[in-house]
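# Observations on the three-dimensional arrangement
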Amino acid sequence: MNTDVRTDRPALDGDPAEVELRLREQVAACTLMLNEQGILGYSCHVSARLPDGRGFLIQSFDQSRAALTPEVLLVCDPDGRMLSGPDGQRPPAEVYLHAEILRVRPDVNAVAHFHHDRTTVFTLADGPQLVPVKNHAVRWASGIPVHRDPSHVNSAERGRALAHTLGAHHAALIRAHGQVVVAENVAALLIDCVHFVENAEAMYDAVRLGPLLPLNEEEIAMFQQDLKRDRHVAKLWTYYVGRARAQGLLQPQWSL
Ligand SMILES: [Zn+2]
């Protein structure tokens, strides 16, 4: 098996069956770690694009996000229809959120949707809008749009509307509902979700101390100049995987 020279993680190229197995292990691990972090909850989901155009991996409607294994993940086609999965399982109601974003964003290979209360609160008040205040939130310097329809994204039409709101950005809020974070791979998605919630919680605290001082354009440019995204993702993925392994959260045979 090839390995990624920066991280020693298995590279995601080569035999499609091998790639799918690695992606299954990454999605299961990412889900368990985000659940442990209090970011995902009982009805949130993580998806990953399969490289052969078949569609994507995602949790089913019923599978617990706290006890997920690679083999129980569903394969859905690009329209969100289940192609394979355990008997009796079905895609989550909001599978269209994933399908429609992956359809129009070729730069995105992994999507997370969750309902984190402290982050959602920024859509509930006529107060400050969520903006980058912490250094790693420069990831969202282009903006964090708010989708105004609080409905479940349970149809292709609603999925397309949300993908339109997201546009070329890397995250969006759904009013009175939750968040969407997108990234180029599953490891980057985990780290972005952690930083996205950290930024929201920091801003929630900061606005109570005094007038907000969000990162300005100069500060964002300075931080971006030094940031090595691949290296940062690899470092934090190693940290969170190591922590989760020590907690017994991840199965030892998973190649992460
Ligand atoms: Zn939702």
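Our subject is the structure listed above.
Every value quoted in this text rests on a predicted model; they were computed, and no experiment measured them.

The next subject is the overall build of the protein chain. What the protein chain contains, in helices and strands, is seven helices and eight strands. For the protein chain, the C-alpha radius of gyration of 18 Å lies close to 18 Å, the compact-globule estimate for 256 residues. With the C-alpha coordinates of the protein chain rotated into their principal frame, the extents come out at 50 × 40 × 30 Å. In the protein chain, 66% of the contacts between residues at least 6 apart in sequence involve partners at least 24 apart. Per element, the accessible surface of the protein chain, about 12100 Å² overall, is 51% carbon and sulfur. Within the protein chain, the 31 negative side-chain charges are centred at a point lying 1 Å from the centre of the 25 positive side-chain charges.

On to empty space enclosed by the protein. This model, assessed by the stated rule, comprises two cavities of 30 Å³ or more. Looking at the largest cavity, its volume works out to about 50 Å³. Around the largest cavity, the lining residues are M33, E36, Q37, Y240, R243, A244, Q247 and L249. Going through the elements one at a time, α1 (16-36) and α7 (229-246) are the ones with two or more residues in the lining of the largest cavity. With three residues, α7 is the largest single contributor of residues to the lining of the largest cavity. Roughly 30 Å³ of internal volume is contained in the second largest cavity. H147, D149, S151, H152, V153 and R158 together form the lining of the second largest cavity. For the lining of the second largest cavity, a count of residues per class yields one nonpolar, three polar and two charged.

Attention shifts here to the layout of surface pockets. Size it by volume and the second largest pocket reaches roughly 200 Å³. Of the residues assigned to the lining of the second largest pocket, the class counts are four nonpolar, four polar and two charged.

Counting residues in hydrophobic clusters, the biggest one holds 54 residues, and the most contacted among them are M33, L34, F114, F196 and L250. Elements represented by at least two residues in this core include exactly α1, β1 (45-49), β5 (110-114), β7 (171-174), β8 (178-183), α5 (186-206) and α7. Tallying contributions element by element places α5 first for this core, with 12 residues. The contacts of M33, once residues within four sequence positions are left out, are L190, W237, Y240, V241, A244, L249 and L250. If you look at the next biggest cluster of nonpolar residues, it comprises 19 residues, including I101, V108, A172 and V180.

Looking now at the packing of aromatic side chains. Using the criterion set out here, one finds two aromatic pairs in the structure. Judged by centre distance (4.8 Å) and plane angle (75°), the rings of Y239 and Y240 are edge-to-face. Assessed through its relative accessible area of 45%, Y239 is described here as partly exposed. By relative accessible area, Y240 is classed as buried at 11%. Geometry around F61 places R90 over its ring, the cationic atom sitting 3.9 Å from the centre. One residue, R118, lies across the ring of Y204, its end atom 4.2 Å from the ring centre.

Bringing the coordination of the zinc ion into the picture now. Protein coordination at the zinc ion: the donors are E94 (OE), H113 (NE2), H115 (NE2) and H177 (NE2), at 2.1 Å from the metal. Given four donor atoms and angles of 93 to 126° at the metal, the environment of the zinc ion is assigned as tetrahedral. If you list the donors of the zinc ion from N- to C-terminus, the spacing comes out as E-x18-H-x1-H-x61-H. Of the two residues, E94 is situated in the loop between β4 (82-84) and α2 (95-104) and H113 in strand β5; the sequence distance between them amounts to 19 residues. A relative accessible area of 0% means that H113 is categorised as buried.

Reading guide: rules and limits
- Residue positions within a chain follow its written sequence, with the count starting from 1.
- Only residues with pLDDT of 70 or above have their local features reported here, since the model is predicted, and side-chain atom pairs are shown and tallied only from 80 upward, although totals for entire chains, interfaces and linings are computed over all residues.
- Note that water and hydrogens are dropped before the side-chain values are worked out from all heavy atoms of the structure.
- Runs of E in the DSSP output that reach at least two residues are strands. Runs of H or I that reach at least four are helices, and both are numbered from the N terminus.
- Values of the radius of gyration come from C-alpha atoms, whereas the globule rule sets the reference at 2.2 Å times the count of residues to the power 0.38.
- When checking whether two residues touch, look at their non-hydrogen atoms; a contact exists if any pair is within 4.5 Å.
- What sets the accessible areas is the Shrake-Rupley method with a 1.4 Å probe; for residues, cover comes only from the shown protein chains.
- Counted as positive: Lys and Arg. Counted as negative: Asp and Glu. His and the chain ends are not counted at all.
- Where a charge lies is defined by one atom per residue type: Lys uses NZ, Arg uses CZ, Asp uses CG and Glu uses CD.
- Detection works on a 1 Å grid of protein atoms alone, calling trapped sets that fit a 1.4 Å probe cavities and calling open sets with protein on both sides within 12 Å along at least five of seven lines pockets, with lining residues defined by an atom within 4 Å of a point.
- Grid points are joined across faces, edges and corners, and a volume is the space filled by probe spheres set on the points.
- Polar here means any residue other than Ala, Val, Leu, Ile, Met, Phe, Trp, Tyr, Cys and Pro, which are nonpolar, and Asp, Glu, Lys and Arg, which are charged; Gly is therefore polar.
- As used here, the term nonpolar core means buried Ala, Val, Leu, Ile, Met, Phe, Trp, Tyr and Cys residues forming a set that is joined through side-chain atoms within 4.5 Å.
- Between buried and exposed lies partly exposed: a residue is buried under 20% and exposed over 50% of the maximum accessible area for its type, with that area taken using a 1.4 Å probe on protein chains only.
- Between 30 and 60 degrees the pair is tilted, below 30 it is stacked and above 60 it is edge-to-face, where a pair is any two Phe, Tyr or Trp rings, Trp via its six-membered ring, whose centres lie within 6.5 Å.
- Note on geometry: a ring has a charge over it if NZ (lysine) or CZ (arginine) is within 6 Å of the ring centre and within 35 degrees of the ring normal.
- Donor criterion used throughout: N, O or S atom within 2.8 Å of the metal, extended to 3.2 Å for Na, K and Ca. Water excluded; incomplete-looking sites may result.
- Each label reflects the angles at the metal, where four donors whose angles all fall between 85 and 135 degrees are tetrahedral, four or six donors whose opposite pairs open beyond 155 degrees and whose other angles stay between 65 and 115 are square planar or octahedral respectively, and the rest are irregular.

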